[in-house]
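# A closer look at the structure
Single-letter residue listing:
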Amino acid sequence: MASQTLIQEIGAANYRFLQQHVYSQVGIVLDDNKHYLFQSRLAPIVKQHCLGSINDLCDLLNANKDASIGQQVVEAMTTNETYFFRDPVQYEAIRTDLLPRLREERKATKNLRFWSAAASTGQEAYSLAMLLLEEGFADWNTQILGTDFSSKVVGRARAGTYQQIEVNRGLPTSLLIKYFGRSCLEWTLIDRVRRMAQFDTIDLRRSMRTLGPFDLVFCRNVMIYFDNETKRNIMKEIHSTLFRGGWLLLGGAETAFGLDEWFERRTVANATVYVAK
């Protein structure tokens, strides 16, 4: 069934329908040359529902009989690539610049708040949690919020359990031994680390002002999927969640989209950071 799905061409009208469905639900723009992406990611859904092709799946979505299938399609089309300590220069900038400053500024309250805005399966948030413990913030009131559109990946993040191949990506062996327990080929974070992060589903296109204020927001490798208007709106909302002087960290190929009225671009420890004005 799946092989048939991969072979059968998606009709032009159905392709436009899928593009519009994904855009309307999560704001992701998929170009006209992404047939292979739809085919590979939607084939399991076609098989699960005993359908003959992606075109049949579109017919089912058009009938609007089961909203959960529409959600499955959108979650299948979102990219959830992540790994521990991704973009190491950014974590080094946090360690050498941001955390020492916050340690001094917040020594009276010992309160810190961070947000991983596209947390996926949680490695970004948990990397920050381990960094904080390593830098002596164990007795501070530290809150790390991790959010993602996909309920599936949020569930995995909450579990804090990873396959061997996932802990092999970016995670130093010393931290693996110190902060994880092993069961066969799976590794689960110890409770001390898991309790530092809470995860929830969120659509970045909604108002986010009530989430903050945060000292740092990760929003990495997300903006590339949105159109310019959506990017600008999201950046404005993220700015509203940050303390003045708080940091926004983007992916290596992203910029703050010319929003100079809200962010000042700086280079810290070879990392590009956007400081909220």
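Residues numbered from 1 in each chain as written. Predicted model: local features only at pLDDT ≥ 70, side-chain atom pairs only at ≥ 80, totals over all residues. Heavy atoms only, no water.

### Focus on the state of the cysteines
How we decide: Throughout, a disulfide means two cysteine sulfur atoms within 2.5 Å of one another. Only protein chains enter the calculation, and the probe is 1.4 Å; a residue is then buried if its accessible area is under 20% of its type maximum, exposed if over 50%, and partly exposed in between.
Taken as a whole, this structure holds zero disulfides when the rule is applied. No disulfide involves C50; its sulfur sits 17 Å from that of C58, the nearest cysteine. Judged by its relative accessible area of 67%, C50 falls in the exposed class.

### Remarks on the packing of aromatic side chains
The geometry of an aromatic ring pair comes down to the distance between the two centres and the angle between the two planes. Cut-off, in case you're wondering: Centres within 6.5 Å make a pair out of two Phe, Tyr or Trp rings, where for Trp the six-membered ring is used; the pair is then stacked when the planes are under 30 degrees apart, edge-to-face when over 60, and tilted otherwise. Numbering of helices and strands runs from the N terminus, with a helix taken as a DSSP run of H or I at least four residues long and a strand as a DSSP run of E at least two residues long.
A complete count under the given rule lists eight aromatic pairs for this structure. Plain terms: the ring middles of F84 and Y162 are 5.2 Å apart, the flat faces sit at 75° to each other, and that makes the pair edge-to-face. In this pair, F84 is assigned in the loop between α5 (67-77) and α6 (88-105) and Y162 in strand β3 (residues 161-163), connecting sequence segments 78 residues apart. Look at F84 and you get buried, because its relative accessible area is 0%.

### Focus on the pairing of strand β8 (residues 242-249)
Put simply, the test is: In this description, strands pair whenever DSSP reports at least two bridges between them. Crossover handedness is defined here as right-handed if the route from the first strand over the helix to the second strand goes clockwise, with the strands pointing away from the viewer.
The element β8 is extensively covered by neighbouring structure, given that six of its eight residues are classed as buried. Bridge count between strand β7 (residues 214-218) and β8: four bridges; the pairing is parallel. When the bridges of β8 are listed, V217 appears paired with L248. In this fold, β7 hands off to helix α12 (residues 228-241), which returns the chain to β8; that crossover is right-handed. Bridge count between β8 and strand β10 (residues 271-276): two bridges; the pairing is antiparallel. Note on β10: the bridge partner recorded for L248 is Y274.

### Overview of α12
Definition in use: Expected span, for any helix, means 1.5 Å times one less than how many residues it has. The contact criterion used throughout is that any non-hydrogen atoms of two residues lie within 4.5 Å.
Taking 1.5 Å of rise per residue, the 14 residues of α12 would be expected to cover 20 Å, and the 20 Å separating its terminal C-alpha atoms lies within 8% of that figure. Among the residues of α12, T230, K231, I234, M235, E237, I238, H239 and T241 are the ones counted as buried. Residues of α12 that are buried in the fold lie against α2 (12-26), β1 (111-116), β7, β8, β9 (263-268) and β10.

### Focus: the confidence of the model for the protein
Heads up, the condition is: The pLDDT value tells you how sure the predictor is about a given residue, anywhere from 0 up to 100.
For the protein, per-residue confidence averages 90 on the pLDDT scale, and residues scoring 70 or more make up 95% of the total. Here residues 1-7 is modelled with pLDDT under 50, and outside its nearest four sequence neighbours on either side it reaches 13 contacts, counting other chains as well.

### Focus: the pairing of strand β2 (residues 141-148)
Extensive coverage of β2 is indicated by the burial of six of its eight residues. Relative to β2, β1 runs parallel, the two being bridged by six bridges. Bridge pairing in β2 places W115 opposite L145. As a crossover connection, the stretch from β1 through helix α7 (residues 123-134) into β2 is right-handed. Relative to strand β6 (residues 197-201), β2 runs parallel, the two being bridged by five bridges. For T147, the partnering residue across the bridge sits in β6 and is D200.

### A few points about the sheet that holds β9
Basically, it comes down to this: Only the contacting stretch of a helix is used when fitting its axis, a line to C-alpha atoms as for every element, and angles between N-to-C directions run 0 to 180 degrees.
Taking strand neighbours across the sheet as the criterion, the seven strands line up as β6-β2-β1-β7-β8-β10-β9 in an open arrangement whose pairing is mixed. In the strand order of this sheet, the two ends are held by β6 and β9, each with one partner. In this sheet, neighbouring strand axes are inclined to one another by 25° on average, regardless of whether the strands run parallel or antiparallel. Bridge count between β1 and β7: three bridges; the pairing is parallel.

### Comments concerning the packing of helix α4 (residues 54-63) against α5
Any two packed helices are characterised by the angle at which their axes cross and by the distance between the axes. Rule in force here: The scheme is simple: roughly parallel for angles under 35 degrees, roughly antiparallel for over 145, roughly perpendicular for 65 to 115, oblique for anything else. For any helix crossing, the convention is left-handed if the near helix is rotated counterclockwise from the far helix by under a right angle, and right-handed if that rotation is clockwise. Each residue receives one of three labels: charged for Asp, Glu, Lys and Arg, nonpolar for Ala, Val, Leu, Ile, Met, Phe, Trp, Tyr, Cys and Pro, and polar for the others, Gly being one of them.
Look at α4 against α5: their axes get within 9 Å of each other, and the N-to-C directions meet at 130°. In terms of axis orientation, α4 runs oblique to α5. Both α4 and α5 take part in a crossing whose hand is left-handed. On the side of α4, the interface is formed by L57, L60 and L61, while α5 contributes I69, G70 and V73. Taken together, the residues of the contact of α4 with α5 break down into five nonpolar, one polar and no charged.

### With respect to helix α3 (residues 35-48)
Our working rule: Axes are fitted to the seven residues ending at a residue and to the seven starting at it; the angle between these axes is taken as the bend at that residue.
Helix length check: α3 (14 residues) gives 20 Å between terminal C-alpha atoms against 20 Å at 1.5 Å per residue, within 8%. Taken as a whole, α3 carries its principal kink of about 40° at L42; the proline P44 stands between one and four residues after it. Listed in full, the buried residues belonging to α3 are L37, F38, Q39, L42, A43, I45 and V46. Positioned one or two residues after α3, C50 has a phi angle of 55°, which is positive.

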